[in-house]
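One-letter residues, chain by chain:
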Amino acid sequence: MYVCICNEVKEKQIKTAIAAGIDTLEGLKTALDVATCCGCCEPMVNDYLDANQDSTLASAASLAYAV
Ligand code: FES
């Protein structure tokens, strides 16, 4: 599924980049050119970043309880 129509960036590319450690909007803009034209996709890109942050925090919390 395309997230950024202007630059033809797909959801999978964004998720792959986030999984590789790019965890900021600016980083994704630099790496993928996402959200660098009209900006309409920026809220959706931020949602992917937020979802990643939430899962990272959940993992950290799980580890804290496991220790
Ligand atoms: S849809 Fe991504 S910059 Fe326009």
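Throughout this document, residue positions are counted from 1 along each chain, in the order its sequence is written. Since the coordinates come from a predicted model, pLDDT governs what is reported: local features require at least 70, and pairs of side-chain atoms require 80 or more to be given and counted, while whole-chain, interface and lining totals use all residues. With hydrogens and water set aside, each side-chain value is computed from the structure's full complement of heavy atoms.

When you go through the protein residue by residue, the secondary structure sums to 3 helices and 2 strands. Working definition: helices are DSSP H or I runs of at least four residues, strands are E runs of at least two. Numbering for both runs from the N terminus. Listing every helix and strand of the protein by position from the N terminus yields β-β-α-α-α. Contacts were defined at the residue level, with two residues in contact if any of their heavy atoms lie within 4.5 Å. In the protein, of all internal contacts separated by at least 6 residues, the share reaching a separation of at least 24 is 47%. Within the structure as shown, the protein displays about 4600 Å² of accessible surface, and the carbon and sulfur contribution to it stands at 56%. Separation between the mean location of the 4 positive side-chain charges and that of the 9 negative ones in the protein comes to 9 Å. Methods summary: accessible areas were calculated by the Shrake-Rupley approach with a probe of 1.4 Å, and residue burial reflects only the protein chains presented. Within this scheme the basic residues Lys and Arg register as positive and the acidic residues Asp and Glu register as negative, but His and the chain ends are omitted. Where a charge sits is defined by one atom per residue type, namely NZ (Lys), CZ (Arg), CG (Asp) or CD (Glu).

In this section: helix α3 (residues 42–66). The end-to-end C-alpha separation of α3 is 36 Å, in line with the 36 Å expected for 25 residues at 1.5 Å each. When α3 is considered as a whole, its buried residues turn out to be Val45, Tyr48 and Leu49. Those residues of α3 hidden inside the fold are in contact with β1 (2–4), α1 (11–19) and α2 (25–32). A helix is expected to span 1.5 Å for every residue after the first. Under the scheme applied here, a residue whose accessible area is under 20% of the maximum for its type counts as buried, over 50% as exposed, and between as partly exposed, the area being computed with a 1.4 Å probe on protein chains only.

A pairing counts as a salt bridge when a side-chain nitrogen of Lys or Arg comes within 4 Å of a carboxyl oxygen of Asp or Glu. With the rule as written, the count across this model stands at 3 salt bridges. Measuring nitrogen to oxygen at the nearest pair gives 3.7 Å for the salt bridge that ties Lys29 to Glu26. Separated by 3 residues within a single helix, Lys29 and Glu26 lie in helix α2, roughly one turn from each other. For Lys29, a relative accessible area of 19% corresponds to the buried category. For Glu42, the salt bridge is made with Lys29, and the minimal N-O distance between the two is 3.7 Å. Residue Glu42 is located in helix α3, and its partner Lys29 is located in helix α2; the two are separated by 13 residues in the primary sequence. If you follow the salt bridges from partner to partner, you end up with Glu26, Lys29 and Glu42 in one network.

That is the geometry; function is a separate question.
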